[in-house]
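Close look at the chain arrangement
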Amino acid sequence: MSGDLLRLYGTNEREPESRTLVAGDLSVTLQDGSLRTLRFRGHEVLRAVAFLVRDKDWGTCSAEIADLRIEAAGPGFSVSYKARFTAPSGANLDCAITIAGTEKTVTFSADCVSDADFETARAGFVVLHPVIGVAGQPVTVRHGDGRVEQAHWPDRIEPWQPFKEISAITHQVAPDIAAVTEFVGDIFEMEDQRNWTDGSYKTYVRPLALPWPYRVPEGEPFSQKVVVEIEAVDDAAPAVGTSGAITLQLTPTKRRFPEIGVGLRPECLEQEHAALGALKTIGARHLIAHFDPGAGHGLPALKGYAELSERSGLNVTLEVAVPCKRPLDAEMAELAALVRDAGLVLDTLFVCPAVDRQSTPPGSIWPDCPPLEDVYAAARAAFPGVRLGGGMMSYFTELNRKRVPGDLIDYVSHCTNPIVHAADDLSVMQTFEALRFVVSSTRVLYGEKPYRIGPSTIAMRQNPYGSATKDNPSGGRIPMANVDARHNGQFGAAWTLAYAATVATAGLEVLTLSTLAGPFGLIAGEGEVSARGELRPLAHVLARLGTLSGQEVNAVETSRPDAVLGLASKERLLMANITPEVQAVILPSPPCAVMLIGGETLPVTGQVSLPPYGCVEIVL
């Protein structure tokens, strides 16, 4: 079994055990002290309710759980436990947690006290409402002063908080079923988590306009509570079952699949030279070369990139974090001289002020930064005739909050990351629900401006929300980690294919979902399921995607987008199972051939069984 775990997840570490609790038509999953997937008659009511503690850099302080008691006999259920959250300083926040459920209510309470001053960016309840079936729909918000607001859930991704000072939210779950979620004990507000590709709207404690990090004083207790109440008529219909085979619908589009990019990093140059052959294998067309003068990058890095470009024959985009410490003309002229001295020929130049890599949350003061118009003008002057890209080196969140002047650049670009807030397997795969809103929102902002995404990987390459990414020597599933073992396994392959499937019809120019080497890269290291120096599973997926570059794509709609995602050309269909269970898929027409990507040939029939996180290529 450990071999299966390593093959699937790149690690032998298991996710925490979960247990489903049921009270009549209401069900919820208890995992690691939090509630997941609250349902009523099979309809998803809430995605999660959790009591969370973040450190000063927005990293998650894991809870040490003790004295867990679960009572599930009779018409309801109850849970109680003690949770200890430890800050990097060593201070402890001790919380007594109780959860109670009946046929139409769930109550989640926390009574907390710290043994020393506890520095935190947030300590309290977080409630996640789902996006699918909710976006754009009516919602009723009761505010702390008793005022009731009739509104709609955001459809296009909202950069700032759509609702503030919340005491209760009422939303329609399904015909004849509504849910009232009440918040007690502090001031709550909401953010649109689709900004970070989370598949949810998040209501959280403590407004971001208040100072953070802040201190929970030693010995001063506080309490919070969330109450969920279902309002339903007796004959409200249950959700349609999900046990049958998945069906597909293919729709031709005029969009072409993007060219594949691969990221380069100065600290990996030696490994990148050794892995050069992988670029041809996957059909890459572009090298996205990272360059940050503030991190000490200089002429050696540019010379390394020049050699990689010459040996591979690929186009180079230099991705520059502009220091903006001296006159812009001087900084750009100095960069241009270094590029010439290195013998590096650029296809495009992407520039982003270094300070814009850090997020400016609501209520915070924007840091000093030259106008983007001036940054772009200086880049144009120093690199005449080179296509210029702008946007954010970080995530869509930052692009949505600081919108660049699109008429002054030749293309817009941003990245995404699926483990900003949560890193469990389900949450990572649910990010595709939000990713489609990211690309549609970008298209609303910038129209048909050429559009690029990446490098986007499961692990986080830089942290816009704190001083650093999180080290992960044990290979666990932790938010904001700079290494994620799932990248190395079949999970990473499925994530890569599902990502490409989600953005396939967005008309992207370049899509970058890996670096060449290192923890974000294509080549296996020691202790992985692939032998050292061999291709990781996601590289085989990228190789199949590379053959589609420039081809018109068919949109692939599946009856279970929470389980299987796909994309197609006229001749081939690629699909990814994004779940740990086998999924049966009925094909739209008899296939000529069916193959597991990176694996064996499968029987040629009208129905294919996708193994856990399996990726298949079907010749139509």
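Above this text is the structure in question.
Below, the structure is looked at part by part. The structure displayed is predicted, hence computed values, not measured ones.

1. A look at the overall build of the protein chain
Counting secondary structure elements, the protein chain contains 10 helices and 35 strands. A globule of 620 residues ought to have a C-alpha radius of gyration of about 25 Å, and the protein chain, at 25 Å, matches this closely. Viewed in the frame of its principal axes, the protein chain has a C-alpha envelope of about 75 × 60 × 45 Å. Intrachain contacts of the protein chain at a sequence separation of at least 6 include 68% that bridge at least 24 residues. Carbon and sulfur atoms make up 51% of the accessible area of the protein chain, which amounts to about 24300 Å² in all. Positive and negative side-chain charges of the protein chain, numbering 54 and 73 respectively, have mean locations separated by a distance of 4 Å.

2. A few points about the environment of leucine 26
Tracing the backbone shows leucine 26 in strand S2 (residues 26-31). For the pair leucine 26 and alanine 135, spaced 109 residues apart in the sequence, the C-alpha separation amounts to 23 Å. Apart from the residues within four sequence positions on either side, leucine 26 is in contact with Leu21, Leu38, Arg39, Phe40, Phe77, Thr102, Glu103, Lys104, Thr105, Val106 and Ile230.

3. What about the pairing of strand S29 (residues 564-568)?
For S29, a buried count of five out of five residues is recorded, marking the element as mostly surrounded by other parts of the structure. Residues Val564, Gly566 and Ala568 of S29 are buried on one face, and the alternating residues Leu565 and Leu567, pointing to the opposite face, are buried as well. Bridge count between strand S28 (residues 552-558) and S29: two bridges; the pairing is antiparallel. For alanine 555, the partnering residue across the bridge sits in S29 and is leucine 567. The loop that links S28 with its antiparallel partner S29 comprises five residues. Of the pairings in the sheet, the one linking S29 to strand S30 (residues 572-577) comprises five bridges and is antiparallel in character. Across the sheet, the residue bridging to valine 564 is asparagine 577, located in S30. Between S29 and S30, which pair antiparallel and follow one another directly, the connecting turn spans three residues.

4. With respect to the packing of helix H5 (residues 328-342) against helix H6 (residues 372-382)
Contact pair H5 / H6: the axes reach a minimum separation of 9 Å and the direction vectors enclose 40 degrees. The way H5 lies across H6 gives a crossing that is right-handed. Only Asp374, Val375, Ala378, Ala379 and Ala382 of H6 make contact with H5, whose side of the interface consists of Leu328, Asp329, Met332, Ala333 and Ala336.

5. Quick notes on the sheet that holds strand S23 (residues 348-353)
A barrel is described by the order of its strands in space; here eight strands give the closed sequence S20-S21-S22-S23-S24-S25-S26-S27, paired in parallel fashion. Strand after strand, the sheet turns through a mean of 25 degrees between neighbouring axes, direction not considered. Here helix H4 (residues 299-312) sits on the sheet in contact with strand S20 (259-264), strand S21 (286-291) and strand S22 (315-322), set at roughly 175 degrees to S21.

6. Section: the sheet that holds S28
The strands that make up a sheet are held in pairs by hydrogen bonds between backbone atoms, and each pair lies either parallel or antiparallel. Within the open sheet, the seven strands sit side by side as S19-S28-S29-S30-S35-S32-S33. Their pairing is antiparallel. Edge strands, defined here as strands with exactly one partner in the open sheet, are strand S19 (248-256) and strand S33 (601-602). Pairing between S19 and S28: six bridges, direction antiparallel. Paired with leucine 248 across the two strands is threonine 558, which belongs to S28.

7. A short note on the packing of helix H8 (residues 425-446) against helix H9 (residues 490-503)
Two measures define how a pair of helices packs: the angle their axes make with one another and the distance between the axes. Interhelical geometry of H8 versus H9 gives an angle of 15 degrees and a closest axis separation of 9 Å. Relative to H9, the element H8 is oriented roughly parallel. Crossing hand, H8 versus H9: right-handed. Side by side, H8 and H9 meet where Asp425, Val428, Met429, Thr431, Phe432, Leu435, Arg436 and Val439 of the first sit next to Phe491, Ala494, Trp495, Ala498, Tyr499, Thr502 and Val503 of the second. Class assignment for the residues of the contact of H8 with H9 results in 11 nonpolar, two polar and two charged.

8. What about H9?
Over its 14 residues, H9 extends 20 Å from the first C-alpha to the last, a length consistent with the 20 Å expected when each residue adds 1.5 Å. With respect to burial, H9 is a largely interior element, 14 of its 14 residues being buried.

9. Some points on empty space enclosed by the protein
In total, this model carries six cavities of 30 Å³ or more according to the counting rule given. In this structure, the largest cavity encloses a volume near 110 Å³. If you trace the largest cavity, you find it lined by Ile288, Thr317, Glu319, Phe350, Met392, Tyr411, Ser413, Arg452, Ile453, Gly454, Val510 and Thr512. Residue assignment for the lining of the largest cavity shows that the elements contributing at least two residues are S22, strand S25 (411-415), strand S26 (451-453) and strand S27 (510-515). Residues of the lining of the largest cavity, tallied by class, amount to six nonpolar, four polar and two charged.

10. Regarding the state of the cysteines
Linking two cysteines covalently through their sulfur atoms gives a disulfide. Taken as a whole and judged by the stated rule, the model has one disulfide. Here cysteine 95 engages in a disulfide with cysteine 112; their sulfurs sit 2.4 Å apart. What sets the handedness of the cysteine 95 and cysteine 112 disulfide is the S-S torsion sign, and at about 115 degrees it is right-handed. One end of the pair, cysteine 95, is in strand S7 (residues 92-101); the other, cysteine 112, is in strand S8 (residues 105-114), with 17 residues separating them in the sequence. Accessibility classification places cysteine 95 together with cysteine 112 in one group, the buried group. Of the cysteine sulfurs around cysteine 268, a residue in no disulfide, the closest is that of cysteine 415, at 16 Å. The exposure class assigned to cysteine 268 is buried, which follows from its relative accessible area of 7%. With no disulfide of its own, cysteine 369 lies closest to cysteine 324 among cysteine sulfurs, the gap being 5.1 Å.

11. Notes on the side chain of threonine 469
Along the chain, the position of threonine 469 falls in the loop between S26 and H9. A polar contact is formed between the side chain of threonine 469 and the side chain of asparagine 482, at a distance of 3.3 Å.

12. Things to note about helix H10 (residues 537-546)
Among the 10 residues that make up H10, eight are buried, leaving the element largely enclosed by the rest of the structure. Taken residue by residue, H10 has Pro537, Leu538, Ala539, Val541, Leu542, Ala543, Leu545 and Gly546 as its buried positions.

13. Here's the deal with the packing of aromatic side chains
In total, this model carries 14 aromatic pairs according to the counting rule given. Relative to phenylalanine 188, the ring of phenylalanine 183 has its centre 5.0 Å away and its plane inclined at 40 degrees; by these criteria the two rings are tilted. Phenylalanine 188 shares its class with phenylalanine 183; the two are buried. Against the face of phenylalanine 437 rests arginine 194, its NZ or CZ located 4.5 Å from the ring centre. The ring of tyrosine 411 carries the charged tip of arginine 452 above its face, separated from the ring centre by 4.2 Å.

Here is what the cut-offs are and how they apply
- Residues numbered from 1 in each chain as written.
- Predicted model: local features only at pLDDT ≥ 70, side-chain atom pairs only at ≥ 80, totals over all residues.
- Heavy atoms only, no water.
- Helix = DSSP H or I, 4+ residues; strand = E, 2+ residues; numbered from the N terminus.
- Rg over C-alpha atoms; globule rule 2.2 N^0.38 Å.
- Contact = heavy atoms within 4.5 Å.
- Areas by Shrake-Rupley, 256 points an atom, 1.4 Å probe, with all protein chains shown as cover.
- Lys, Arg positive; Asp, Glu negative; His and termini not counted.
- Charge placed at Lys NZ, Arg CZ, Asp CG, Glu CD.
- Buried < 20%, exposed > 50% of the residue type's maximum accessible area, 1.4 Å probe, protein only.
- Pairing = 2+ DSSP bridges.
- Axes fitted to C-alpha atoms, helices over the stretch in contact; angles between N-to-C directions.
- Left-handed = near helix turned anticlockwise from the far one by under 90°.
- Parallel < 35°, antiparallel > 145°, perpendicular 65-115°, else oblique.
- Nonpolar A, V, L, I, M, F, W, Y, C, P; charged D, E, K, R; others polar.
- Expected span 1.5 Å × (residues − 1).
- 1 Å grid on protein atoms, 1.4 Å probe; cavity = no way out; pocket = protein on both sides within 12 Å on 5 of 7 lines; lining within 4 Å.
- Points joined across faces, edges and corners; volume = space filled by probe spheres on them.
- Disulfide = S-S within 2.5 Å.
- Polar contact = N/O pair within 3.5 Å; in protein donor to acceptor, adjacent residues only side chain to side chain.
- Phe/Tyr/Trp six-rings, centres within 6.5 Å; stacked < 30°, edge-to-face > 60°.
- Lys NZ or Arg CZ within 6 Å of the ring centre and 35° of its normal.

In short, the description is geometric, and any link to function would need to be established separately.
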